[in-house]
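Okay, here's what each chain looks like letter by letter:
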Amino acid sequence: MTGSSRPASRVVVLMGGPSAEREVSLSTGKGCAEALRGEGYDVIEVDAGPDLAARLADLKPDVVFNALHGRWGEDGCVQGMLEWLRIPYTHSGVLASALAMDKTRTKDVYRAHGLPVVDSVIRCKAEVMAHHVMAPPYVVKPNNEGSSVGVYLVAEGANDPPKLGAEMPEHVMVEAFVTGRELTCSVMGAGEGDPGALTVTDILTEGWYDYDAKYRPGGSRHVVPAEIPAAIFDACMDYATRAHAALGCRGVSRTDFRWDEGRGADGLILLETNTQPGMTPTSLTPEQAEAKGITFGALCRWLVEDASCDR
């Protein structure tokens, strides 16, 4: 295992935490903990709280499996703490986690590496509710949350700006809306011998791919592998691999796309890269791994074996 002189036996699975994605993280963590026990690891489940550093110091794990989602767990904060404690951990390190969680900086990295994105601006919440800051259709969302938490779609021809809820931060991202299909591609490592880009999923829903569609059983239908032209499929695999490398991701990442079929290859754009993709029963990355012959247990074991410090 990277970062350790002997195989990991005691694994702490971090889950829960204080973010808006707490419930998703609990589901991810419990599923991963069960799978790791099935792989022979001594697993301890820890709901992350203010005493996390002290608890880890007491438990002395060989590896921390980071199943946290959202702020504090996915944005470089807990990664920095684990580096300080010198405990090997899964998924991306401090810098990649912080970059990928900040949607604006992610786009800056994409652009610098020739990856296609759409226009967006950061504006204060009051201004966005007072008038249209760009011509509809557009999307309003937090700059640093995931799982479609707090996403508002302003339709083409809308007269009024959106009424944003209390869950929205003081500054938000306003992004041009791209019509088309929801595609996604997971990447397992980028080194020699790693599985790399797995496959492409076409996500079918009745409407917006929101929090409910992502996590409610039956909320969306996944076509794996996506039944799309080979050129678009290959572009998704290539772009996801390049995004993983450009951001400095480690372990597993998942990059999401929109594809406007009417524009061909020019209609494919990157939305964001998730450094800690969901591992719930309805999640996309385990489904893609399964399609490549990698069981859920083997996926979790690979992440533990890949764990290290200095990520």
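All chains use their own residue numbering, which begins from 1 and follows the written sequence. With the structure being a predicted model, the display of local features is reserved for residues of pLDDT at least 70 and the display and counting of side-chain atom pairs for 80 or more, all residues being used for whole-chain, interface and lining totals. Remark: hydrogens and water are excluded; side-chain values derive from all non-hydrogen atoms of the structure.

1. Let's talk about the packing of aromatic side chains
Pairing of aromatic rings covers Phe, Tyr and Trp, the last through its six-membered ring, and needs centres within 6.5 Å; plane angles under 30 degrees mean stacked, over 60 mean edge-to-face, and all others mean tilted. The final tally for this structure, using the stated rule, is zero aromatic pairs. Counting as a charge over the ring demands two things of the Lys NZ or Arg CZ atom: a distance within 6 Å of the ring centre and an angle within 35 degrees of the ring normal. Directly above the aromatic system of tyrosine 89 lies the positively charged group of arginine 311, at a separation of 6.0 Å from the ring centroid.

2. Some details on the pairing of strand β9 (residues 196-204)
The two faces of the sheet receive side chains in turn, since in a regular strand these alternate between them. The buried label applies to any residue whose accessible area, calculated with a 1.4 Å probe on protein chains only, is under 20% of its type's maximum; exposed applies above 50%, and partly exposed to all values in between. Runs of H or I in DSSP of at least four residues are treated as helices and runs of E of at least two as strands, each being numbered from the N terminus. Burial of β9 is extensive: eight of the nine residues sit out of reach of the surface. In this structure, strand β8 (residues 181-188) lies alongside β9, joined through six bridges in antiparallel fashion. Within the sheet, the bridge partner assigned to valine 187 lies in β9 and is alanine 197. In this analysis, strands are considered paired if DSSP registers two or more bridges between them.

3. Things to note about the sheet that holds strand β5 (residues 138-142)
A sheet is described by the order of its strands in space; here four strands give the open sequence β4-β7-β5-β6, paired in antiparallel fashion. A strand with exactly one partner marks an edge of an open sheet, and here the two such strands are β4 (120-124) and β6 (152-154). Ignoring strand direction, the axes of neighbouring strands in this sheet form an average angle of 25°. Bridge count for β5 against strand β7 (residues 171-176) is five bridges, and the pairing is antiparallel. Counterpart to lysine 141 in the pairing with β7 is methionine 173. Note on geometry: axes are C-alpha line fits, over the in-contact stretch for helices, and angles between N-to-C directions span 0 to 180 degrees.

4. Some points on the sheet that holds strand β3 (residues 63-66)
With parallel pairing, the three strands of this open sheet are ordered in space as β2-β1-β3. The open sheet has two free edges, formed respectively by β2 (42-47) and β3, since each of these has just one partner strand. Strand-to-strand twist across the sheet, computed as the mean angle between neighbouring axes with direction ignored, equals 25°.

5. Overview of the packing of helix α5 (residues 103-112) against helix α8 (residues 230-247)
Interhelical geometry of α5 versus α8 gives an angle of 110° and a closest axis separation of 10 Å. Relative to α8, α5 is oriented roughly perpendicular. The two elements α5 and α8 meet at a crossing, and its hand is right-handed. Contacts between α5 and α8 involve Thr106, Val109 and Tyr110 on the former and, on the latter, Ala243, Ala246 and Leu247. Polar here means any residue other than Ala, Val, Leu, Ile, Met, Phe, Trp, Tyr, Cys and Pro, which are nonpolar, and Asp, Glu, Lys and Arg, which are charged; Gly is therefore polar. Tallied by class, residues from the contact of α5 with α8 come to five nonpolar, one polar and no charged. Working definition: roughly parallel below 35 degrees, roughly antiparallel above 145 degrees, roughly perpendicular at 65 to 115 degrees, and oblique for all remaining angles. Each crossing gets its handedness from the near helix: less than a right angle anticlockwise from the far helix is left-handed, clockwise is right-handed. The contact definition used throughout considers only heavy atoms, calling two residues in contact when any of these lie within 4.5 Å.

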